[in-house]
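Summary of structural features
Here is what each chain is made of, one letter per residue.
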Amino acid sequence: AGTILTQLERSIMRRPLIGTLMHAVFKCTAVSSFTANNMHHHRPRQIIRALSMVRDPPEQSVRSSTVASFRVMDVLRRANELETDRGLSDDKRPVLHCEVGQPQTGAPSGVVAAASAALSLREKMGYTDAFGLVPLREKIAAHYKSHYGLAEPVDVSRIVVTTGSSGGFLLMFTACFDAGDSVAVASSGYPCYRNILQALGCKVATIKVNDEFKITATELQAEIKRRNEAGNERIKGLVLSSPSNPTGAMLDPKELEELCGVCDEHGIWFLSDEIYHGISYGKGEATALSFSKNVLVINSFSKYYSMSGWRLGWLVLPESLVEPINILQQNMFINAPTISQTGAMACWDDDTLTELESHVEVYGRAREVILAALSSIPEIDPKNIAPADGGFYVYVDLGSNIHIQSGLGSEAFCSALLEEEFVAFTPGTDFEDPESDLGDRRFRISYAGGVETASEAMERLKVFWDRWLIKVAQAQASP
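This is a predicted model, so every value here is computed, not measured.

Before going further, it helps to examine helix α12 (residues 322-332). Burial in α12 covers these residues: Val322, Ile325, Asn326 and Gln329. For α12, the angular spread of the buried residues around the axis is 110 degrees, confining them to a single face. Looking at the buried side of α12, the elements it contacts are β2 (159-162), α8 (164-176), β7 (296-300) and β8 (313-316). A positive phi of about 65 degrees marks Ile334, the residue just after α12.

Here you go:
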């Protein structure tokens, strides 16, 4: 007995108690070949042997432990939990999802019909070429000619169909950058740029957006000059979206052309995120392909094409990266989902485009509802609302209507709004440079859920707003 206790004490000193005891109990109770008499004699040795076999699990990688969560998904999870609990609550109001950029509509009817027909005919859904179905890539190439009027057609060999835009980012980043390279992103931008780059060992170079929430050639040149004068490593790449998530800011064609020119002049890879193209409100769209042969363009079927769960996107590559990304795609993903590619072939049918344009009209009306509601709140300075020129987001700075010292920033604001009024917004900590304090001042509203959701969310926000101001005033008055 003394020997058993000594071994147990030593094991506890080295390993978690519960894990040690559970393994010991399992090992002892799993032995069935002994008679009761034998168990009496052999159990001490069996326990010691079990304890000697217990090991703590290997540690997670350093890179995974340093990557921040995609905050909007945490908000979505809590919103879904509240929806599940509706039956246990006296308050039966629905949870309003204004956190995720997911269209309220499903895939277009033509897409669904094409996929359903393929399945009903039991077509073989096997591997495709690593770059995707050639007919789909031909349709994408034709889209660049018809929509943007490119002087030179895009060669199909430069188009790769990806597993969502997320798969596209991984392909681009691994093809363009090595660990230790500095890659520029906007100070207000899509968080997964930063998170994926950091997971790959790249250094993130944050460029502050201007008063219009944009990065133009002016801001990029200033950062290049600052780095040269400071003796810092050069920027290897720039990742930028227009329309922007979360701000909705858009580069006009001249600004985009100038930005492409600076990148070409300084040997910077320009990764142009055009995922929200097709969803804009009066401003003209331009693709970076119009201004440079060195850019990488990424787009997705998730936003304008309303196919978020189908996990499908595409890249248009410069000639020099076609083979490197072909090899990476073969090894990382093999190919994008075949059934999704099959359905997406219907995306440019006339009926599908008519349906999709009707979605954009709804987004526009929902946008107006939100902007009008925010303008009626006197404490929100109009200058603290980002342009919302494209996409389906409104990005707001709370200004002086916070008291971060008391924990009353946008994180608390969004959390309280969700818990008290069942409205899900995303705090700015998901989008802002973590080195700044702007994240806990700002929040994003998604109006992808349509007019009815936007209208009800704004009514609940107005009710909540007065309670929030009282909390802040009390905190500011406290010594």
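Enumeration over the complete set of coordinates arrives at 22 salt bridges. Between Arg78 and Glu81 there is a salt bridge, with the nearest N and O atoms lying 3.1 Å from each other. You can see Arg78 and its partner Glu81 sitting in helix α5 (residues 71-84), three residues apart, about one turn around the helix. Given a relative accessible area of 36%, Glu81 falls into the partly exposed group. In this structure, Glu255 engages Lys214 in a salt bridge whose closest nitrogen and oxygen atoms are separated by 3.0 Å. Taken together, the positions of Glu255 in helix α11 (residues 253-265) and Lys214 in the loop between β4 (203-207) and α10 (217-230) put the pair 41 residues apart, joining distant regions of the chain. Each member of the salt-bridge network shares a partner with another, and the members are Arg93, Glu420, Glu421, Arg467 and Lys471.

Read across the open sheet, the seven strands follow the order β2-β8-β7-β6-β5-β3-β4; overall the sheet is mixed. The open sheet has two edge strands with one neighbour each: β2 and β4. The sheet shows a mean angle of 20 degrees between the axes of neighbouring strands, taken without regard to direction. Sheet topology note: the β2/β8 ladder contains four bridges and is antiparallel. Following the sheet pairing, Thr162 is matched in β8 by Gly313. Across the sheet, α11 touches β5 (235-241) and β6 (269-273), and the angle it forms with β6 is around 150 degrees.

With that out of the way, let us pick up the packing of aromatic side chains. Inspection of every chain in the model, using the stated rule, returns 26 aromatic pairs. On the numbers, 6.3 Å between centres and 40 degrees between planes, the contact of Phe173 with Phe177 is tilted. Each member of the pair, Phe173 together with Phe177, is buried. Seen in terms of ring centroids, Phe413 and Trp468 are 5.2 Å apart; in terms of plane orientation they differ by 85 degrees. Their pairing is edge-to-face. Of this pair, Phe413 sits in helix α15 (residues 410-421) while Trp468 sits in helix α16 (residues 451-477), and the two are 55 residues apart along the sequence. Residue class for Phe413 comes out buried when judged on its relative accessible area of 0%.

In this structure, Tyr144, Phe270, Phe301, Phe413 and Phe425 are the most contacted members of the largest nonpolar core, which totals 121 residues. The element best represented in this core is α16, accounting for ten residues. Beyond its immediate sequence surroundings of up to four residues, Phe270 is in contact with Leu238, Leu240, Leu256, Leu259, Cys260, Cys263, Ala288, Val295 and Leu296. Grouped together as the second largest cluster of nonpolar side chains are seven residues, Val75, Ala79, Leu82 and Ala424 included.

We now examine the environment of Ser415. Within the secondary structure layout, Ser415 lies in helix α15. Looking at Ser415, the relative accessible area reads 39%, which means it is partly exposed. Spatially, the C-alpha atom of Ser415 lies 9.0 Å from that of Thr426, the residues being eleven residues apart in sequence.

Strand order in the open sheet formed by three strands is β9-β12-β11, and the pairing between neighbours is antiparallel. Strand pairing shows two members of the sheet lacking a second neighbour, β9 (393-397) and β11 (426-427), which therefore form its edges. In this structure, β9 lies alongside strand β12 (residues 442-446), joined through five bridges in antiparallel fashion. The partner of Val396 across the bridge, within β12, is Phe443. Helix α14 (residues 350-375) rests against β9 and β12 of the sheet, and its axis sits at about 15 degrees to β9.

Calculation criteria
One numbering rule holds for all chains: residues counted from 1, following each sequence as written. Only residues with pLDDT of at least 70 are given local features in this predicted model, and only at 80 or more are side-chain atom pairs given and counted; all residues enter the totals for whole chains, interfaces and linings. Hydrogens and waters are ignored; side-chain quantities use all the structure's heavy atoms. Think of it in three bands: residues with accessible area under 20% of the maximum for their type are buried, residues over 50% are exposed, and the middle band is partly exposed, with areas taken using a 1.4 Å probe on protein chains only. Helix and strand assignments follow DSSP, with helices taken as H or I runs no shorter than four residues and strands as E runs no shorter than two, numbered in order from the N terminus. In this context, the arc is that of the directions from the helix axis out to the C-beta atoms. Any two residues whose heavy atoms approach within 4.5 Å are treated as being in contact. A pairing counts as a salt bridge when a side-chain nitrogen of Lys or Arg comes within 4 Å of a carboxyl oxygen of Asp or Glu. What makes two strands pair is DSSP finding at least two bridges between them. To define axes, lines are fitted to C-alpha atoms, for helices over the stretch in contact only, and angles between the resulting N-to-C directions are given on a 0 to 180 degree scale. A pair of Phe, Tyr and Trp rings is counted when the ring centres sit within 6.5 Å of each other, with Trp represented by its six-membered ring. The angle between the planes then sorts it: under 30 degrees is stacked, over 60 is edge-to-face, the rest tilted. Only buried Ala, Val, Leu, Ile, Met, Phe, Trp, Tyr and Cys residues count toward a nonpolar core, and they belong to the same one when joined by side-chain atoms within 4.5 Å.

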